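The chain contents come next:
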Amino acid sequence: MFTGIVEEVGQVGSLSDYRLVIRATTVLEDVHVGDSISVNGACLTVVEFDSGSFAVDLAPETLRRTSLGQVGPGGAVNLERALAAHDRMGGHIVQGHVDGTGDITAITPEADCFILEIETPASLAPYIVEKGFIAVDGISLTVVQSAELRFTISIIPFTMQHTNLRERKVGDKVNLEADILAKYVESLLAARFA
């Protein structure tokens, strides 16, 4: 489990034969083989590491469901280690199970912030509500407005400077994870009224 508070922006070293190598520093401080690290919001297992990088294996389902296959060498990825039981929870419950991808359709300055508009797949739209949580590339964010197949988020300067959002542009795909509580509520209601 994660909180959506990005610890560092790593750099893709390579992606070949379903193995992704990422250059990093902070997330390597106490890493072990078998640890979970969120990479752009996808919970991945460390299979090997050295002093400057770590490697994860990607299942075909991960490549189908996320934008990780489109991040080339040198590409920036958001990284977060799994939540320790004694840590503060500064974001929201993020499982690292990406529901799908969305497309950035607009980036609009507003005061010292930026408003990002993201087009979402129809399957995710019911879970995205105004002032609700959403994880975008693993970043815990609050929905500003939600329309039929689009939503907006407001990005403060700190988040823009300390995540890969600083490199995003209109047309880029981002990984989306809807709030798990909304998905459980829907499942419970469907079972109750079936």
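Structure's up top.
What counts, and at which threshold
- Residues numbered from 1 in each chain as written.
- Predicted model: local features only at pLDDT ≥ 70, side-chain atom pairs only at ≥ 80, totals over all residues.
- Heavy atoms only, no water.
- Helix = DSSP H or I, 4+ residues; strand = E, 2+ residues; numbered from the N terminus.
- Contact = heavy atoms within 4.5 Å.
- Polar contact = N/O pair within 3.5 Å; in protein donor to acceptor, adjacent residues only side chain to side chain.
- Buried < 20%, exposed > 50% of the residue type's maximum accessible area, 1.4 Å probe, protein only.
- Pairing = 2+ DSSP bridges.
- 1 Å grid on protein atoms, 1.4 Å probe; cavity = no way out; pocket = protein on both sides within 12 Å on 5 of 7 lines; lining within 4 Å.
- Points joined across faces, edges and corners; volume = space filled by probe spheres on them.

1. Re the environment of Thr-105
Thinking step 1. With respect to the element layout, Thr-105 can be found in strand β7 (residues 100-110).
Thinking step 2. Thr-105 sits 67 residues away from Asp-172 along the chain, and the two C-alpha atoms are 8.3 Å apart.
Thinking step 3. For Thr-105, the contacting residues outside a window of four places in its chain are Glu-117, Ile-118, Glu-119, Arg-150 and Val-170.
Thinking step 4. Within the structure, the side chain of Thr-105 is placed 3.1 Å from the side chain of Arg-150, a separation counted as a polar contact.

2. A short note on the environment of Ser-38
Thinking step 1. Within the secondary structure layout, Ser-38 lies in strand β3 (residues 36-39).
Thinking step 2. Separated by 11 residues in the primary sequence, Ser-38 and Val-27 place their C-alpha atoms 10.0 Å from one another.
Thinking step 3. If near-sequence neighbours (up to four positions away) are discounted, Ser-38 is found in contact with Phe-2, Cys-43, Asn-78, Leu-79 and Glu-80.
Thinking step 4. Within polar-contact distance, the side chain of Ser-38 engages the backbone nitrogen of Gly-41 at 3.3 Å.

3. Quick look at the pairing of strand β2 (residues 19-23)
Thinking step 1. Where burial is concerned, the two faces of β2 differ: the one with Leu-20 and Ile-22 is buried and the one with Arg-19, Val-21 and Arg-23 is not.
Thinking step 2. Judged from the 5 bridges that link them, β2 and strand β5 (residues 53-57) form a sheet pairing that is antiparallel. By the bridge assignment for β5, Arg-23 is matched with Ser-53.

4. As for the pairing of β7
Thinking step 1. One ladder, built from 4 bridges, connects β7 with strand β12 (residues 173-178); its direction is antiparallel. Bridging across to β12, Asp-103 finds its partner in Lys-173.
Thinking step 2. Relative to strand β8 (residues 113-119), β7 runs antiparallel, the two being bridged by 7 bridges. Looking at β8, one finds that Ile-104 is bridged to Ile-118.

5. Some words on the side chain of Asn-78
Thinking step 1. Take Asn-78: it is sitting in strand β6 (residues 76-81).
Thinking step 2. Within the local environment of Asn-78, its side chain forms a polar contact with the backbone oxygen of Asp-137, the two atoms lying 3.0 Å apart.

6. Brief notes about empty space enclosed by the protein
Thinking step 1. According to the stated counting rule, one finds 1 cavity of 30 Å³ or more in the structure shown.
Thinking step 2. Estimates place the volume of the largest cavity at around 30 Å³.
Thinking step 3. Taken together, Val-6, Ser-38, Asn-40, Gly-41, Asn-78, Leu-79, Glu-80, Asp-137 and Gly-138 make up the full set of residues lining the largest cavity.
Thinking step 4. The element contributing the most residues to the lining of the largest cavity is β6, with 3 residues.

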